[in-house]
Amino acid sequence: MNSELRYYLSIFFRRLPLFLLVFLTITGAALFYALSLPTVYTARGLLLVEAPQIPTNLAASTVQVSSREQLAVIQRRLMTRSNLLEIAREFDVYEDIREMSPDEIVQSMREDTRIAGSGRGSAATVMEVQFRARSGRVAAEVSNDYITRILAENATNRQQRAEGTLDFFEEQVRRLERQLDAQNDVILEFQNQNAEALPDTLNYRLSRQELLTQRMSQIDRDRSVLATQLARLEELQAQGFAGLPEDDEDRPATALDQQLAQLRNQLTNARAIYAPDSPRVTVLAARIEALEVLQQEEIERALAEAEGASDTLEPLSADPTLDGTPMTPVQIQIEQVGTQIRFLDEQTATIDAELAELEQTIERTPANSIELQALRRGYENMERQYNQALDRLYTASTGERIEVMSKGERISVIEQARAPDEPSDPNRPMIAAVGTMGAAGAAIGLVLLLELLNKTIRRPVDLTNGLGITPLTTVSYIVTPGQRLRKRLLWTLVILFVATAIPAGLYYVHYEIRPLDLLWDRLVARFTM
């Protein structure tokens, strides 16, 4: 066991120059890389998405956006090309920014920026804004500028959404108002064009039709009586009868008497059915009164004519004449009855025309009713939409006031970004340690690889294992003077390389990256904390 250990130790010491060369080269490269990396400072700010200050069951905002969607929209708008270029040039984020192209600036800004949100379910949503820069001041300034833009963008975005919703419903209300006015005008125009055939007056027209029909029947009966009376009077005239009895009670019944009798019977029947002040009772009473006055005047005139017919011719000249000759009482009766018949005929023509018009309007009423109902349904639908739009307009107005006064969901600053005292990157001790471990592993691996590839016989056991023989004795390896010289030369080269590389590396770090005294002070401060 001890011989094996001494053998491997001898191999290691024989390969020690190569091991040191690989180990020191990789370790120096790792140290150089760790020291050459630019110092990066990270500033961080925290934002909180607060719940609405006014309970949603009392007054809700019209901006209904989830916290994650809201943060995603803000991040997209913040990380636009114009914003990143403006921020980078305003704060002079990169040392060689004037030599960088706009695409390089934007790409670097996006790589150095980190915006993330946390919080799920009912937990509060927190937004973390980070920026990495070459100095703590620049990192803090850019992070705070991000925070300012996020707050402004959030407020502007929510107000614009609320105002957009309000403008939409205001336009909806105005549009529906115009439609309601137009529909109302259509209904009014239709009603004006069909005023005589609207369904609202159908009952009146039906009752009017019935009343006119009854009136026509009555006129037909009255005309029949007058026609009979006229025929009797013409018969009396044909028989040569020219006077009237002096006693009113003994005179023959005229058509006027019959008409009065019929009207009195109708008035009696009407008073039994209708109220005393009903139109039918009033009309019948007025007609009876007018006919009684007319009857009395006819009787008085007939008696006066009969008394003066035998005296002189002068009184006859004042009486009615027919073709220049005085009219007899019978002729007067015939003329009066004819006048009444013509009056009834005129009434018949007027009533016929009105009945025809009523029949026409009654026939048009169902179609007008259907069309009018369709127009009114359209108006009612528009009115319902208008009322709904008014309610939504009120809700939108309340939501807009909530956003303008910042009483809805909002983003507030929990922690402003401050300039860090210590850099966040790179972790030079870690890089150096990993490089050293990697160098040791690479050097050991190279030594093992070379030994595995070396098939020469160097021990008695190699003879036994390779040839199957057991040697009686072995002769030690004799080192020649040339080999000793080459070995010393190799060691000298290794020492010179190390002695040259270390000062050169320190020189580069001191003048190109950071003074060594500052690095030493910071390393001491870090490891003594």
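Model, not experiment: these values are computed from the prediction. (Residues numbered from 1 in each chain as written. Predicted model: local features only at pLDDT ≥ 70, side-chain atom pairs only at ≥ 80, totals over all residues. Heavy atoms only, no water.)

Participant: Would you take a moment to explain the overall build of the protein for this structure?
Facilitator: Each helix and strand counted, the protein has 15 helices and six strands in total. Out of the 529 residues in the protein, the part that is buried amounts to 31%. At a minimum sequence separation of 6, the contacts of the protein that also span at least 24 residues come to 79%. About 33300 Å² of surface is accessible on the protein, with carbon and sulfur atoms providing 57% of the total. (Helix = DSSP H or I, 4+ residues; strand = E, 2+ residues; numbered from the N terminus. Buried < 20%, exposed > 50% of the residue type's maximum accessible area, 1.4 Å probe, protein only. Contact = heavy atoms within 4.5 Å. Areas by Shrake-Rupley, 256 points an atom, 1.4 Å probe, with all protein chains shown as cover.)

Participant: Would you explain the nonpolar core in this entry?
Facilitator: A general tendency of soluble globular proteins is for nonpolar side chains to be buried together. Within the largest apolar cluster, 33 residues are counted, with the highest numbers of intra-cluster contacts made by V93, M109, V129, V142, Y146 and I150. The set of elements that each furnish at least two residues to this core consists of β1 (41–50), α3 (67–78), α4 (81–91), α5 (102–112), β3 (125–133) and α6 (136–193). Broken down by element, the residue count for this core peaks at seven residues, all from α6. Ignoring anything within four residues of it in the chain, the contact list for Y146 reads L78, L84, I87, M109, T113, V129 and F131. Of all hydrophobic cores here, the second largest spans 14 residues; its members include M216, L226, I334 and L358. (Core = buried A, V, L, I, M, F, W, Y, C linked by side-chain atoms within 4.5 Å.)

Participant: Before we go on, may I ask you to explain unusual backbone geometry in this structure?
Facilitator: The backbone of D92 shows a phi angle near 50 degrees, a positive value even though the residue is not glycine. Tracing the backbone through its elements, the reader meets D92 in the loop between α4 and α5.

Participant: Explain the pairing of β1 to me, please; I cannot follow it from the model alone.
Facilitator: Within a regular strand, the side chains alternate between the two sheet faces. Where β1 lies against β3, nine bridges are found, and the strand directions are antiparallel. Across the sheet, residue L48 finds its bridge partner in β3, namely V126. Inspection of the sheet shows β1 paired to strand β6 (residues 410–415) by five bridges, in the antiparallel sense. Looking at β6, one finds that L48 is bridged to S412. (Pairing = 2+ DSSP bridges.)

Participant: Quick question: what am I supposed to make of a negative patch on the surface here?
Facilitator: Together, E95, D96, E99 and E104 make up a negatively charged patch on the protein surface. Along the polypeptide, E104 turns up in helix α5. (Patch = residues over 30% accessible without salt bridge, like charges linked within 9 Å, V, L, I, M, F, W, Y side chains within 5 Å. Salt bridge = Lys/Arg side-chain N within 4 Å of Asp/Glu carboxyl O. Lys, Arg positive; Asp, Glu negative; His and termini not counted. Charge placed at Lys NZ, Arg CZ, Asp CG, Glu CD.)

Participant: How should the side chain of Q130 be read in this particular structure?
Facilitator: In this structure, Q130 sits in strand β3. At 2.7 Å, the side chain of Q130 and the side chain of E128 are in polar contact. (Polar contact = N/O pair within 3.5 Å; in protein donor to acceptor, adjacent residues only side chain to side chain.)

Participant: Which parts of the structure should I look at to understand α5?
Facilitator: Each α-helix turn comprises 3.6 residues. Residues three or four places apart therefore point the same way. Residues of α5 that are buried: I105, V106, S108, M109 and D112. Around the axis of α5, the buried residues are gathered within 165 degrees of arc, so they sit on the same side. Taken together, the buried residues of α5 touch α4, β2 (113–118), β3 and α6. (Arc of directions from axis to C-beta.)

Participant: Would you mind going over the sheet that holds β1 with me for this structure?
Facilitator: Remark on secondary structure: sheet strands pair via backbone hydrogen bonds, oriented parallel or antiparallel. Sheet architecture is open: four strands sit in the order β2-β3-β1-β6, paired in antiparallel fashion. Strand pairing shows two members of the sheet lacking a second neighbour, β2 and β6, which therefore form its edges. Mean inter-strand twist for the sheet, computed between neighbouring axes without regard to direction, equals 25 degrees. Each of β2 and β3 touches α5; the most contacted strand, β2, lies at about 35 degrees to it. Across the face of the sheet, α6 comes into contact with β1, β2, β3 and β6 while running at roughly 145 degrees to β3. (Axes fitted to C-alpha atoms, helices over the stretch in contact; angles between N-to-C directions.)

Participant: Any chance you could explain the pairing of β3 here in plain terms?
Facilitator: Extensive coverage of β3 is indicated by the burial of seven of its nine residues. For β2 and β3, the ladder comprises six bridges, and the chain directions are antiparallel. For I115, the partnering residue across the bridge sits in β3 and is V129.

Participant: How should I be thinking about the packing of aromatic side chains in this particular structure?
Facilitator: Note on aromatic pairs: each is described by the distance of the centres and the angle between the planes. Summed over the entire model, instances satisfying the criterion amount to two aromatic pairs. Taken together, a centroid distance of 6.0 Å and an interplanar angle of 80 degrees make the contact between F131 and Y146 edge-to-face. Remark: Y146 occurs in helix α6 and F131 occurs in strand β3; sequence separation between them is 15 residues. In this structure, F131 and Y146 share a single accessibility class: buried. Ring geometry for F168 and F169: centres 5.2 Å apart, planes at 75 degrees, overall edge-to-face. (Phe/Tyr/Trp six-rings, centres within 6.5 Å; stacked < 30°, edge-to-face > 60°.)

Participant: Would you mind showing me how to read the pattern of salt bridges here?
Facilitator: Where charged atoms of side chains with opposite charge meet at close range, the side chains can pair. Counted by the stated rule, this structure contains 15 salt bridges. For E196, the salt bridge identified is with R364, shortest N-O distance 3.0 Å. Remark: R364 occurs in helix α11 (residues 329–404) and E196 occurs in the loop between α6 and α7 (202–238); sequence separation between them is 168 residues. On the basis of relative accessible area, E196 is assigned to the partly exposed category, the value being 32%. Owing to a relative accessible area of 27%, R364 belongs among the partly exposed residues under this scheme. Several salt bridges share partner residues, and in doing so they unite R44, R114 and E128 into one network.

Participant: What should I look at first to understand the side chain of T113 in this one?
Facilitator: Topologically, T113 is positioned in strand β2. Assessed through its relative accessible area of 12%, T113 is described here as buried. A distance of 2.9 Å separates polar atoms of two side chains, one belonging to T113 and the other to Y146. Here T113 is in contact with M79, Q130, F131 and Y146, once residues within four sequence places are set aside.

Participant: Mind showing me how you'd approach the environment of R15 here?
Facilitator: On the secondary structure map, R15 appears in the loop between α1 (2–14) and α2 (16–36). Residues R15 and E451, 436 residues apart in the sequence, show an inter-C-alpha distance of 9.5 Å.

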